[in-house]
Amino acid sequence: AAVIKSIPTASPTMEGHVTVRWQTEDESDVSRFEVYRAQIVGGMTPGAGDFNRVSPDEGIPSKGNNQSYEFTDKSVFKSASNVFAYKVRVVFQNGTYSDSEITRTATTTNIGRRTWGSIKALFR
């Protein structure tokens, strides 16, 4: 049975972080979730070895069937890259795992400047 309903989403926040969201179906054998990030260079989809875990070491505990989850990746704030890929790993109670499909997002490292610029433009 499928654990994650569809491809997770990754959205920039006003603070320059990225929030990853996903929904589940059957979590009966799930222990936890882990969130992984990779930098996208030259538009190429990263390989499995390019991903690094950004969620806590203990993971995000399973809450039960048909749940919504979100994790905010605060480590992209000072990154020079502007495009990232994220995936959610489902870790089962027996230690095996399954990875979600990959989702992409652009970071917002300069959103403060853009937002301030747009605010100033309102008063011109």
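Residues numbered from 1 in each chain as written. Predicted model: local features only at pLDDT ≥ 70, side-chain atom pairs only at ≥ 80, totals over all residues. Heavy atoms only, no water.

1. Regarding the pattern of salt bridges
For step 1, the next point in the chain: Applying the stated criterion across every chain yields a total of seven salt bridges.
For step 2, the next point in the chain: Arg 53 is paired through a salt bridge with Glu 34; the nearest N and O atoms lie 2.7 Å apart. Highlighted residues: Arg 53 in strand E4 (residues 52-53) and Glu 34 in strand E3 (residues 30-39), separated in sequence by 19 residues.
For step 3, the next point in the chain: On the basis of relative accessibility, which here comes to 3%, the residue Glu 34 falls in the buried class.
For step 4, the next point in the chain: Of the charged contacts, one joins Arg 53 and Asp 57 as a salt bridge, the two residues approaching to 3.5 Å between their closest N and O atoms.
For step 5, the next point in the chain: A relative accessible area of 32% places Arg 53 in the partly exposed class.
For step 6, the next point in the chain: Look at Asp 57 and you get exposed, because its relative accessible area is 62%.
For step 7, the next point in the chain: Each of Arg 32, Glu 34, Arg 53 and Asp 57 takes part in a single network of salt bridges with overlapping partners. (Salt bridge = Lys/Arg side-chain N within 4 Å of Asp/Glu carboxyl O. Helix = DSSP H or I, 4+ residues; strand = E, 2+ residues; numbered from the N terminus. Buried < 20%, exposed > 50% of the residue type's maximum accessible area, 1.4 Å probe, protein only.)

2. Structural notes on the sheet that holds strand E6 (residues 68-73)
For step 1, the next point in the chain: With antiparallel pairing, the three strands of this open sheet are ordered in space as E1-E2-E6. Each of the sheet's edge strands pairs with one partner strand only, and the pair in question is strand E1 (9-12) and E6. Strand-to-strand twist of the sheet, defined as the mean angle between neighbouring strand axes without regard to direction, takes the value 20°.
For step 2, the next point in the chain: As paired strands, E1 and strand E2 (residues 18-23) are joined by four bridges and run antiparallel to one another. Bridge pairing links Thr 9 to Arg 21 in E2. (Pairing = 2+ DSSP bridges. Axes fitted to C-alpha atoms, helices over the stretch in contact; angles between N-to-C directions.)

3. Let's talk about the pairing of E3
For step 1, the next point in the chain: The element E3 is extensively covered by neighbouring structure, given that seven of its 10 residues are classed as buried.
For step 2, the next point in the chain: Both E3 and strand E7 (residues 83-92) contribute to a ladder of nine bridges, which runs antiparallel. In the strand pairing of E7, Tyr 36 is matched with Lys 87.
For step 3, the next point in the chain: Both E3 and strand E5 (residues 60-61) contribute to a ladder of two bridges, which runs antiparallel. The residue of E5 that forms the bridge with Phe 33 is Ile 60.
For step 4, the next point in the chain: Looking at chain direction, E3 and E4 are connected through two bridges and run antiparallel. Paired with Arg 37 across the two strands is Asn 52, which belongs to E4.

4. Describing the packing of aromatic side chains
For step 1, the next point in the chain: Going through the model one piece at a time under the given rule, you end up with three aromatic pairs.
For step 2, the next point in the chain: Chaining the aromatic ring pairs together yields one cluster made of Trp 22, Phe 33 and Tyr 69.
For step 3, the next point in the chain: Looking at Lys 87, its charged tip hangs above the ring of Tyr 36, at a distance of 5.9 Å from the centre.
For step 4, the next point in the chain: Stacked on the ring of Tyr 97, the Lys or Arg Arg 89 has its end atom at 3.8 Å from the ring centre. (Phe/Tyr/Trp six-rings, centres within 6.5 Å; stacked < 30°, edge-to-face > 60°. Lys NZ or Arg CZ within 6 Å of the ring centre and 35° of its normal.)

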